[in-house]
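Per-entry structural report
One-letter residues, chain by chain:
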Amino acid sequence: MPDGPGTRAGFVALIGEPNAGKSTLLNRMVGAKVSIVTHKVQTTRTRIRGVAMEGVAQIVFVDTPGLFRPRRRLDRAMVKAAWGGAADADLIVLLIEANRGLTEGVATIIDRMKDQIPQGQAVALAINKIDKVKAEVLLALAEKMNEAFPFAKTFMISAEKGYGVKDLREWLGAQIPDGPWFYPEDQIADLPMRMIASEMTREKLTLRLHEELPYQLTVETEKWEDKPDGSTRIDQIIYVSRDGHKGIVLGNKGETIKSIGQAARADISEFLGRTVHLFLQVKVRENWQDEPERYSEMGLDFKDGEA
C-alpha cells in the first residue's frame, strides 16, 4: 500500500517490568525477530524499534528496557532510556503478567507514569500470559488495574501464542495520528544491522551461559564486509569484565564460543537472508560499563547513568 494521503504513523512504547514479555510481543507484532528474547531479565538494553503495518497505519514500536530499581550506572541509563522512550511516544502499552498480577514493581511503574507521562497521552493495558490463569482471576486483575490507573483500553493477550495480539495491533493502528510513514514499508527496524547482529550474538551468550555470567558482558560488531559473492563477513568483539569471565565464554578447548558462534551465525543469516561468516573474539575490559563509547554502541546516553 503506497505512502500518501490517508496514511497514519506513530510511535508506541512498550513498558513494563523485566521479563513481562515486551520483546516477545514486539516480535509477534512485527512478525520478525528484531528484539532479543531470553528467559533472563534485563536482556533489552536499547530502545529497539520494530515497524508493523496495520492497513494504512505504520506502527513504530519502541521496546524499552524493563523498568526496575537501578543500582549501577548501566542500570540507571537503561531506566532513563525507558522513561524517555515512553514520554516521546504517541501511545503507551503497559504490559503485565497475568500470573504475577499487580506486583510492587507494577505499582511503582503506575506511580511513575503519573509523573513521567504527559497529560492526555493514551496508555493501554495489556495483560499477558492469560493462558496461565483462570478467567475470574483475569477479570479481577483487570478491574484492580483500572482502579489504579485510567487506562484507555485493556487487552487480554498471550504474546507467545498470539492470542489477542491482532486486536491490540488493530486498536493501536486506529489510534495513532494521521501522517506520512516514517519508514519504507519493507523496513522492519531502524537499528543499524550491526547492532541487530550484536544483539543476536548477545542473546546466544545469555542463553548458553545462564547464571554463570550475568550482565558483565557486551557485544560489539567491529567489522562488516559485504562480499562480491553475496555473503557477509562479520567480526564481533565480546567484552567481559574479568579474565575469569573470558574463560567461561571460551569454554573447554573453545567449545562454548564455537557453539555460540554457530547459533548466532544461523540467526543472523536467516535475518539477513544471506550467508554469513561470523568471527568472534573475547576481550577483557574491566571497566567497560564506565566507558562512554560502550553506551553509545548500545544506543544509551552515558550521562543518563549518573547517580
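The structure presented is a predicted model; accordingly, all values stated were derived computationally and were not measured.

About the cut-offs
Residues numbered from 1 in each chain as written. Predicted model: local features only at pLDDT ≥ 70, side-chain atom pairs only at ≥ 80, totals over all residues. Heavy atoms only, no water. Helix = DSSP H or I, 4+ residues; strand = E, 2+ residues; numbered from the N terminus. Core = buried A, V, L, I, M, F, W, Y, C linked by side-chain atoms within 4.5 Å. Buried < 20%, exposed > 50% of the residue type's maximum accessible area, 1.4 Å probe, protein only. Contact = heavy atoms within 4.5 Å. Pairing = 2+ DSSP bridges. Axes fitted to C-alpha atoms, helices over the stretch in contact; angles between N-to-C directions. Parallel < 35°, antiparallel > 145°, perpendicular 65-115°, else oblique. Nonpolar A, V, L, I, M, F, W, Y, C, P; charged D, E, K, R; others polar. pLDDT = per-residue confidence, 0-100. Polar contact = N/O pair within 3.5 Å; in protein donor to acceptor, adjacent residues only side chain to side chain.

Brief notes about unusual backbone geometry
We note that Lys129 has phi near 65°; this positive angle belongs to a residue other than glycine. One can find Lys129 in the loop between strand 5 (122-128) and helix 4 (135-148).

Some words on the nonpolar core
By size, the foremost hydrophobic cluster in this structure holds 24 residues, and its most contacted members are Val12, Leu25, Met29, Phe61, Val93, Leu168 and Leu172. When residues of this core are traced back to their parent elements, those giving at least two are strand 1 (8-16), helix 1 (22-30), strand 3 (57-63), strand 4 (91-97), strand 5 and helix 5 (165-175). The contacts of Leu172, once residues within four sequence positions are left out, are Val12, Met29, Ile59, Phe61, Leu91 and Val93. Ranked by size, the runner-up nonpolar core spans 23 residues in total, among them Ala13, Val106, Met113 and Ala142.

A word on the environment of Ser23
Among the structural elements, Ser23 can be located in helix 1. Judged by relative accessible area, Ser23 falls into the buried class, the value being 9%. For the pair Ser23 and Ala159, spaced 136 residues apart in sequence, the C-alpha to C-alpha distance is 9.0 Å.

Notes on the sheet that holds strand 8 (residues 232-240)
Strands sit in the order 7-8-9 across an open sheet of three strands; the sheet is mixed. Both outer strands of the open sheet, strand 7 (217-226) and strand 9 (276-284), are each paired with one neighbouring strand and no more. Strand-to-strand, the axes of this sheet are offset by a mean angle of 20°, without reference to chain direction. Bridging between strand 8 and strand 9 involves nine bridges; their strand directions are parallel. Across the sheet, residue Ile237 finds its bridge partner in strand 9, namely Gln281. Seen against the sheet, helix 6 (residues 193-209) touches strand 7, strand 8 and strand 9 and runs at an angle of roughly 135° to strand 7.

What to know about the packing of helix 1 against helix 5
Contact geometry for helix 1 and helix 5: axes closest at 10 Å, N-to-C directions at 75°. Overall, the two elements helix 1 and helix 5 adopt an arrangement that is roughly perpendicular. In this structure, helix 1 uses Leu25, Arg28 and Met29 to contact helix 5, whose residues at the interface are Val165, Leu168, Arg169 and Leu172. Across the contact of helix 1 with helix 5, the residue classes tally to five nonpolar, no polar and two charged.

Topic: the confidence of the model for the protein chain
When the pLDDT values of the protein chain are averaged, the result is 79; 73% of them are 70 or greater. Mean pLDDT across the secondary structure elements of the protein chain bottoms out at helix 9 (residues 292-297), with 58, and peaks at strand 6 (residues 153-156), with 97. This stretch, residues 35-46, has a pLDDT under 50; its non-local contacts, to residues over four places away or in other chains, come to 61 contacts.

A few points about the side chain of Arg202
Along the chain, Arg202 turns up in helix 6. A relative accessible area of 3% places Arg202 in the buried class. At 3.1 Å, the side chain of Arg202 and the side chain of Glu199 are in polar contact.

Some details on the environment of Thr108
Locating Thr108 in the fold gives a position in helix 3 (residues 104-116). Separated by 91 residues in the primary sequence, Thr108 and Glu17 have C-alpha atoms spaced 9.9 Å apart.

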